[in-house]
Structure formats: C-alpha cells, structure tokens
Amino acid sequence: MRYSACDHCGTVMPHNELPRHMTERCPEAQASCTFPGCLARMKRRDLAAHQASAAQVHLELAIKLAERLRQQEDDADKEKQMLHQQLSEEEQLHQKTRKEAAQEGDSQKSLVQDMMYTMKLLKDNEQ
C-alpha cells in the first residue's frame, strides 16, 4: 500500500484517502463557510470559531435572504394577477367575437332567407 503526506497538515495516510482528507477533514486546508450566502473562506480548523463570531453577520444574511424571497413571492403574485387579468380580457374578447360572429351569421342567414323569398315571389309572378 502506498502512503502519502498531506501538503497542508503533514498527516500521513493511505494515498487513496488523501483526496477525501483534503476536501473534508484536513484542519489546515481552506474551507468555505457553510452558511448560505456567506463567502468567508478560512482554514477548516477555524470554521467553528467563525460560526460563533459571525452569528450577527449570518443573521443579517438570513434576513436579506428572507426579504429577497418575500419580494420574489410578491413579484410572482403580481405576475399571476396580471396573467389572470390578461386571460380574463382575452376571454371577454373571445366571447364578444363569438357573439358578433353569431349575430353576423344570423344576419347573413336572414339575408339569404329574404333573397330566397324574393326569388320565390319573382318565380311565382312569372308563372
């Protein structure tokens, strides 16, 4: 089995464990704060102290995130209302168009009936 030493802390371990050690365990490797929105980077061994000392900053980040989510929700509600209004207007226009088309159809039907009646009268007069 091949062994390797960590470049950050010097711990010797099987070579195949080195990548996991570097990304998850090494106290000397750089790590990012796990709090959503916090961009702080530090040595992994300092993460716990950062979490304790940055509580106010993390609270402010959480409040800003909640405000953004609330704004997104409000925007989505406004968009939904606007779409409902547009749909309602489209439905009203469609109903009006159908009604006008039906009236136009009735008018044309009546005109055809009148023409047929006139033709019948003319035909009857010819006889």
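Residues numbered from 1 in each chain as written. Predicted model: local features only at pLDDT ≥ 70, side-chain atom pairs only at ≥ 80, totals over all residues. Heavy atoms only, no water.

S.K.: Would you take a moment to explain the overall build of the chain for this structure?
M.R.: When you go through the chain residue by residue, the secondary structure sums to three helices and four strands. Mapped in sequence order, the helices and strands of the chain form the string β-β-α-β-β-α-α. In terms of overall dimensions, the chain is more spread out than a globule: its C-alpha atoms have a radius of gyration of 39 Å, far above the 14 Å expected for 127 residues. In terms of overall dimensions, the chain has C-alpha extents of about 120 × 45 × 10 Å along its principal axes. Relative to its full complement of 127 residues, the chain shows a buried share of 13%. (Helix = DSSP H or I, 4+ residues; strand = E, 2+ residues; numbered from the N terminus. Rg over C-alpha atoms; globule rule 2.2 N^0.38 Å. Buried < 20%, exposed > 50% of the residue type's maximum accessible area, 1.4 Å probe, protein only.)

S.K.: Could you clarify how one ought to interpret the pattern of salt bridges in this entry?
M.R.: Side chains that carry opposite charge are capable of pairing whenever their charged atoms lie near each other. Counted by the stated rule, this structure contains four salt bridges. Close ionic contact of Lys43 with Glu28 constitutes a salt bridge, the shortest N to O distance being 3.0 Å. In this pair, Lys43 sits in strand β4 (residues 41-43) while Glu28 sits in the loop between α1 (18-25) and β3 (30-32), placing the two residues 15 residues apart along the sequence. Owing to a relative accessible area of 30%, Lys43 belongs among the partly exposed residues under this scheme. The shortest N-O distance in the salt bridge between Arg45 and Glu28 comes to 2.7 Å. (Salt bridge = Lys/Arg side-chain N within 4 Å of Asp/Glu carboxyl O.)

S.K.: Help me understand a negative patch on the surface, please; the structure alone is not making it clear to me.
M.R.: Taken together, the side chains of Glu73, Asp74, Asp75 and Asp77 present a region of like negative charge at the surface. You can see Glu73 is positioned in helix α3 (residues 55-126). (Patch = residues over 30% accessible without salt bridge, like charges linked within 9 Å, V, L, I, M, F, W, Y side chains within 5 Å. Areas by Shrake-Rupley, 256 points an atom, 1.4 Å probe, with all protein chains shown as cover. Lys, Arg positive; Asp, Glu negative; His and termini not counted. Charge placed at Lys NZ, Arg CZ, Asp CG, Glu CD.)

S.K.: Would you mind going over the confidence of the model for the chain with me for this structure?
M.R.: In low-pLDDT regions, the fine details of the predicted coordinates are not to be read closely. Predicted confidence across the chain gives a mean pLDDT of 90, with 99% of residues reaching 70 or more. Ranking the elements of the chain by mean pLDDT puts α3 last, at 87, and β4 first, at 97. (pLDDT = per-residue confidence, 0-100.)

S.K.: Please clarify how the environment of Asn125 should be interpreted in this entry.
M.R.: When you line up the elements, Asn125 lands in helix α3. On a C-alpha basis, the gap between Asn125 and Leu18 in space is 111 Å, while along the polypeptide they are 107 residues apart.

S.K.: For this particular structure, what's the right way to read a nonpolar patch on the surface?
M.R.: A grouping of Met1, Tyr3 and Val12 is seen on the molecular surface, where their side chains present a nonpolar patch of about 410 Å² in accessible area. Relative to the elements of secondary structure, Val12 occurs in strand β2 (residues 12-14).

S.K.: Before we go on, may I ask you to explain the side chain of Ser4 in this structure?
M.R.: Tracing the chain through its elements places Ser4 in strand β1 (residues 3-5). The exposure class assigned to Ser4 is buried, which follows from its relative accessible area of 13%. A polar side-chain atom of Ser4 sits 2.6 Å from a polar atom in the side chain of His15. Ser4 has contacts with Thr11, Val12, Met13, His15 and Leu18, leaving out every residue within four places of it along the chain. (Polar contact = N/O pair within 3.5 Å; in protein donor to acceptor, adjacent residues only side chain to side chain. Contact = heavy atoms within 4.5 Å.)

S.K.: Honestly, the side chain of Arg44 in this entry has me stumped. Any pointers?
M.R.: Residue placement: Arg44 occurs in the loop between β4 and α2 (47-53). Buried within the structure, Arg44 lacks any salt-bridge partner; its nearest side chain of opposite charge belongs to Glu24, at an N-O separation of 8.1 Å. Side-chain polar atoms of Arg44 contact the backbone oxygen of Glu24, separated by 3.5 Å.

S.K.: How should I be thinking about the state of the cysteines in this particular structure?
M.R.: Every disulfide links exactly two cysteines, by a covalent bond between their sulfur atoms. One pass over the full model with this rule turns up zero disulfides. Free cysteine: Cys9, not disulfide-bonded; nearest cysteine sulfur from Cys6 at 3.7 Å. Cys9 gets classed as partly exposed once you look at its relative accessible area, which sits at 28%. (Disulfide = S-S within 2.5 Å.)

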